[in-house]
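Overview (structure and organization)
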Amino acid sequence: GTGMPLAESSRDIARLAMQHAGQDATRDFGGAADLVAQVLAGLQLEPQRVAEVQANMATAYLEAERWEDADKGFAMAIDALPQNARGRLLSARCRALSGMGRNDEAMKFIQEAVQLAPDDPLVQLTYARLLREAGRLAEAAFAFTAAINTLPEKSPLKAQAQRELELMRAKGKPPQETTES
């Protein structure tokens, strides 16, 4: 049926949105996700396929800083997708919650995400940022370091995480410096 191409195009939208993070173009990906949502509503797809598309669209909304739309999409997708995707999806949902100022809720979900996916650098990075927001700098430094150590060498995200860690340390020195492993 039309399920596969739709899932693929939504995956492309999500990937492009992430590649253009922080640029004006991300607004357009939010619009593209709206179109996919309209198409999706008119199709009879199996629940897992629908959830996949919703998660991809939520990713585009996240990059477009459309927090409510992102939160809704992730919330719907999380329970329908396989358990092994849950950690990263929860982590992404935390970014949306945090964007809406719902940091306590985000902190609750990110702790579950870290338990489910302790080695996922994106989960660790989101955790680090939430800890930093909460003023828990020593723990944040630890999570930043975990993310940095697991991100691929050439990843722009690795450089970004290193910058954020250095900035955080410069701003408010954590009581004890975490040792680099």
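Each value, and the rule that gives it
- Residues numbered from 1 in each chain as written.
- Predicted model: local features only at pLDDT ≥ 70, side-chain atom pairs only at ≥ 80, totals over all residues.
- Heavy atoms only, no water.
- Helix = DSSP H or I, 4+ residues; strand = E, 2+ residues; numbered from the N terminus.
- Buried < 20%, exposed > 50% of the residue type's maximum accessible area, 1.4 Å probe, protein only.
- Contact = heavy atoms within 4.5 Å.
- Areas by Shrake-Rupley, 256 points an atom, 1.4 Å probe, with all protein chains shown as cover.
- Axes fitted to C-alpha atoms, helices over the stretch in contact; angles between N-to-C directions.
- Parallel < 35°, antiparallel > 145°, perpendicular 65-115°, else oblique.
- Left-handed = near helix turned anticlockwise from the far one by under 90°.
- Nonpolar A, V, L, I, M, F, W, Y, C, P; charged D, E, K, R; others polar.
- Core = buried A, V, L, I, M, F, W, Y, C linked by side-chain atoms within 4.5 Å.
- pLDDT = per-residue confidence, 0-100.
- Expected span 1.5 Å × (residues − 1).
- Polar contact = N/O pair within 3.5 Å; in protein donor to acceptor, adjacent residues only side chain to side chain.

1. Focus on the overall build of the chain
Within the chain, the regular secondary structure consists of 9 helices and 0 strands. Counting from the amino terminus, helix and strand elements in the chain follow one another as α-α-α-α-α-α-α-α-α. Residues counted as buried form 45% of the 181 residues belonging to the chain. For the chain, the share of sequence-separated contacts (at least 6 apart) that also reach a separation of at least 24 residues comes to 56%. Total accessible area computed for the chain in this model is approximately 9,800 Å², and 53% of it derives from carbon and sulfur atoms.

2. Comments concerning the packing of helix H5 (residues 83-99) against helix H6 (residues 103-116)
Between H5 and H6, the shortest axis-to-axis distance is 8 Å and the interhelical angle comes to 160 degrees. Here H6 runs roughly antiparallel to H5, going by the angle between their axes. Note on packing geometry: the crossing formed by H5 with H6 is left-handed. Where H5 approaches H6, its residues Gln83, Arg86, Gly87, Leu90, Ser91, Arg93, Cys94, Leu97 and Ser98 are matched on the opposing element by Asn103, Glu105, Ala106, Phe109, Ile110, Glu112, Ala113 and Leu116. Of the residues assigned to the contact of H5 with H6, the class counts are 8 nonpolar, 5 polar and 4 charged.

3. As for the nonpolar core
Membership of the largest hydrophobic core comes to 40 residues, with the highest contact counts inside it found for Phe74, Ile110 and Tyr127. Elements supplying a minimum of two residues to this core: helix H3 (47-63), helix H4 (67-80), H5, H6, helix H7 (121-133), helix H8 (137-150) and helix H9 (156-171). Examining the composition of this core, we find that 7 residues originate from one element, H3, more than from any other. Filtering out sequence-adjacent residues up to four positions away, Phe74 remains in contact with Ala55, Ala58, Thr59, Leu62, Leu89, Ala92 and Arg93.

4. Examining the confidence of the model for the chain
For the chain, the mean per-residue pLDDT works out to 83, and 73% of the residues sit at or above 70. The element-level mean pLDDT for the chain is lowest in helix H2 (residues 25-41), coming to 64, with H8 highest at 96.

5. Considering H7
End to end, H7 covers 18 Å across 13 residues, agreeing with the expected 18 Å (1.5 Å per residue, within 8%). When H7 is considered as a whole, its buried residues turn out to be Pro121, Val123, Gln124, Leu125, Thr126, Tyr127, Ala128, Leu130 and Leu131. Looking at the buried side of H7, the elements it contacts are H5, H6, H8 and H9. Where H7 begins, the capping side chain belongs to Asp120, and its oxygen is found 2.8 Å from the backbone nitrogen of Leu122.

6. Let's talk about unusual backbone geometry
Residues other than glycine seldom take positive phi values, yet Glu65 does so here, at roughly 60 degrees. Along the chain, the position of Glu65 falls in the loop between H3 and H4.

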